Amino acid sequence: MSLAKPVMRGLLGKRLRFHLPIAFALSLVAAIGFKYGVTEPRKQAYADFYKQYDAVKEFTAMKEAGVFESVRPSGE
Amino acid sequence: MAHPSQLGFQDAASPVMEELLHFHDHALMIVFLISTLVLYIIVAMVTTKLTNKYILDSQEIEIIWTVLPAVILILIALPSLRILYLMDEINDPHLTIKAMGHQWYWSYEYTDYEDLGFDSYMIPTQDLTPGQFRLLEADHRMVIPVESPIRVLVSAEDVLHSWAVPALGVKMDAVPGRLNQTAFIASRPGVFYGQCSEICGANHSFMPIVVEAVPLEHFENWSSLMLEDASL
């Protein structure tokens, strides 16, 4: 009984053909994950912050808290 | 200001800083993309029983790893150039302030209408009141009107310094004998801190910058009071 000749060639190519698409796919997933997990939420957070932002109200609150040097709270 | 164990940028307080934040996110996304790819390939190359691991002479892969990086570089360059030109736009400032670096304090001159000038020294740690920030507070703050374009002319009287306020997205070298110009708009009222960003001697870490953005009427009241104090 004779054994089948083992595959001796193209081993690295086979490994690369298996692993490289996975590598590219994973890196795309990482990039898309970062984009929708960090980048887009941050843009939305800034948009939402300024949509509802009342500068006068915030300034008055900071003034009364004594944050500013140029404007003191009403009591002082 | 920065808070302990902070990793990212401070919250943006100017439109330019917001753009810079988003560009940084874009560039970091590309960095993660490349790093994931490289890390996977390293692990795949290291965890193999194959002994012949080196490809010789492959036209296809040479094309791929030339074109792909070129495309990635263009994807980084285009938003980068957009922000560069955005920062350089003609901005028609409402106010010009001169910030002069000294060893080891800043001085500010508001000379558009009257001659207002004052020095800004760090408040020493032992003189801080509760709630104040160590190494960041100054005795006189640079007060500006909120939502107005401000031009700052930065220079130095002795050695190199650098005027930087991270929340506003501003950093400009203070070079003796040279006037450098930068501009910004404070989008919201508040107090924004920065530190000297060019080594300038023993107290380089102890000459902070504090910018206070208040509504215009309060800025006008403050500048009138400062002029009165100066004339006494």
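Since we're looking at a predicted model, the values are computed, not measured.

Draft legend 1. Molecular detail of the UniProt feature "domain: Cytochrome oxidase subunit II transmembrane region profile" (unreviewed entry) in chain B. Within this numbering scheme, the UniProt entry marks residues 1–91 of chain B as carrying the feature "domain: Cytochrome oxidase subunit II transmembrane region profile" (unreviewed entry). The span residues 1–91 of chain B shows a helical share of 67% and a strand share of 0%, and its end C-alpha atoms are spaced 26 Å apart.

Draft legend 2. Geometry of the interface of chain B and chain A. Tallying the contact residues gives 40 residues for chain B and 32 residues for chain A. The junction of chain B with chain A conceals about 3,100 Å² of combined surface from both sides, 71% of it contributed by carbon and sulfur atoms. For the interface between chain B and chain A, the tally reads one salt bridge. One salt bridge connects A:Arg42 with B:Asp25, and the closest N-O pair in it is separated by 2.7 Å. Summed over the shared surface of chain B and chain A, the number is nine residue pairs in polar contact (both at pLDDT 80 or more). When residues of the side of chain B that touches chain A are assigned to their parent elements, the largest contribution, 14 residues, is made by helix 1 (residues 15–46) of chain B. Across the side of chain B that touches chain A, the residue classes break down as 23 nonpolar, nine polar and eight charged.

Draft legend 3. Region of the structure containing the layout of surface pockets. Space inside the largest pocket adds up to approximately 1,200 Å³. As for the largest pocket, its lining consists of 48 residues, of which A:Leu20, A:Phe24, B:Ile41, B:Ile61 and B:Trp65 are closest to the centre. For the lining of the largest pocket, the secondary structure elements donating two or more residues are helix 1 (11–51) of chain A together with helix 1 and helix 2 (59–87) of chain B. Ranked by the residues each element gives to the lining of the largest pocket, the list is headed by helix 1 of chain A, at 15 residues. Across the lining of the largest pocket, the residue classes break down as 34 nonpolar, eight polar and six charged.

Draft legend 4. Structural context of the environment of B:Gly190. Inspection of the secondary structure assignment puts B:Gly190 in strand 9 (residues 190–195). With 177 residues separating them along the chain, B:Gly190 and B:Ala13 place their C-alpha atoms 8.7 Å apart. Setting aside residues no more than four positions away along its own chain, B:Gly190 makes contact with A:Met62, A:Phe68, B:Val211, B:Glu212 and B:Ala213.

Draft legend 5. Representation of a nonpolar patch on the surface. On the surface, a nonpolar cluster with roughly 340 Å² of combined accessible area is contributed by B:Ile34, B:Val38, B:Ile42 and B:Val46. Structurally, B:Ile34 is set in helix 1.

Draft legend 6. The sheet that holds strand 5 (residues 149–156) of chain B, seen in detail. All names here are of chain B. With respect to topology, five strands assemble into an open sheet ordered 3-2-1-5-8, the strand pairing being mixed. Only two strands of the sheet have a single neighbouring strand rather than two, namely strand 3 (116–120) and strand 8 (180–185). Here the average twist between neighbouring strands, direction ignored, is 25°. Where strand 1 (residues 95–102) and strand 2 (residues 105–110) come together, five bridges link them in antiparallel fashion. For Gly101, the partnering residue across the bridge sits in strand 2 and is Trp106. Packing of helix 3 (residues 216–231) onto the sheet brings it into contact with strand 1, strand 2 and strand 3, and relative to strand 3 it is tilted by some 85°.

Draft legend 7. Structural view of the nonpolar core. One finds B:Tyr108, B:Tyr110, B:Met142, B:Ile144, B:Trp163, B:Leu168 and B:Phe184 to be the most contacted residues of the largest nonpolar core, which totals 45 residues. At five residues, the largest contribution of residues to this core is made by strand 10 (residues 208–214) of chain B. For B:Leu168, the contacting residues outside a window of four places in its chain are B:Ala13, B:Ser14, B:Met17, B:Phe184, B:Ala186, B:Phe192 and B:Val211. Listed in part, the five residues of the second largest apolar core include A:Phe34, B:Met29, B:Ile30 and B:Ile72.

Draft legend 8. Quick peek at the pattern of salt bridges. Residue and element names in this part refer to chain A. Here the structure, examined in full by the defined rule, presents eight salt bridges over all chains. The partner of Lys35 in a salt bridge is Glu40, with the nearest N and O atoms 3.5 Å apart. Overall, the relative accessible area of 28% leaves Lys35 in the partly exposed class. For Asp48, the salt bridge identified is with Lys51, shortest N-O distance 3.7 Å. Linking Asp48 with Lys51, this pair stays in helix 1, spanning three residues, or about one helical turn. Residue classification places Asp48 among the partly exposed residues on the basis of a relative accessible area of 35%.

Draft legend 9. Molecular detail of the sheet that holds strand 10 of chain B. Residues and elements named next belong to chain B. Reading across the sheet, the three strands line up as 4-10-9 and stay open at both edges, with mixed pairing between neighbours. With one partner strand each, in any of the chains shown, strand 4 (142–145) and strand 9 form the two edges of the open sheet. When strand polarity is set aside, the average angle formed by the axes of neighbouring strands in this sheet is 25°. In the sheet, strand 4 pairs with strand 10 via four bridges, with the strands oriented parallel. Bridging across to strand 10, Ile144 finds its partner in Ala213. Along the sheet face, helix 3 touches strand 4 and strand 10 and points at about 140° away from the line of strand 4.

Cut-offs and rules
Residues numbered from 1 in each chain as written. Chains lettered and ligands numbered in written order. Predicted model: local features only at pLDDT ≥ 70, side-chain atom pairs only at ≥ 80, totals over all residues. Heavy atoms only, no water. UniProt positions renumbered as here; feature names shortened; annotations may be inferred. Helix = DSSP H or I, 4+ residues; strand = E, 2+ residues; numbered from the N terminus. Contact = heavy atoms within 4.5 Å. Buried area = accessible area lost by both parts, 1.4 Å probe. Salt bridge = Lys/Arg side-chain N within 4 Å of Asp/Glu carboxyl O. Polar contact = N/O pair within 3.5 Å; in protein donor to acceptor, adjacent residues only side chain to side chain. Nonpolar A, V, L, I, M, F, W, Y, C, P; charged D, E, K, R; others polar. 1 Å grid on protein atoms, 1.4 Å probe; cavity = no way out; pocket = protein on both sides within 12 Å on 5 of 7 lines; lining within 4 Å. Points joined across faces, edges and corners; volume = space filled by probe spheres on them. Patch = residues over 30% accessible without salt bridge, like charges linked within 9 Å, V, L, I, M, F, W, Y side chains within 5 Å. Areas by Shrake-Rupley, 256 points an atom, 1.4 Å probe, with all protein chains shown as cover. Pairing = 2+ DSSP bridges. Axes fitted to C-alpha atoms, helices over the stretch in contact; angles between N-to-C directions. Core = buried A, V, L, I, M, F, W, Y, C linked by side-chain atoms within 4.5 Å. Buried < 20%, exposed > 50% of the residue type's maximum accessible area, 1.4 Å probe, protein only.

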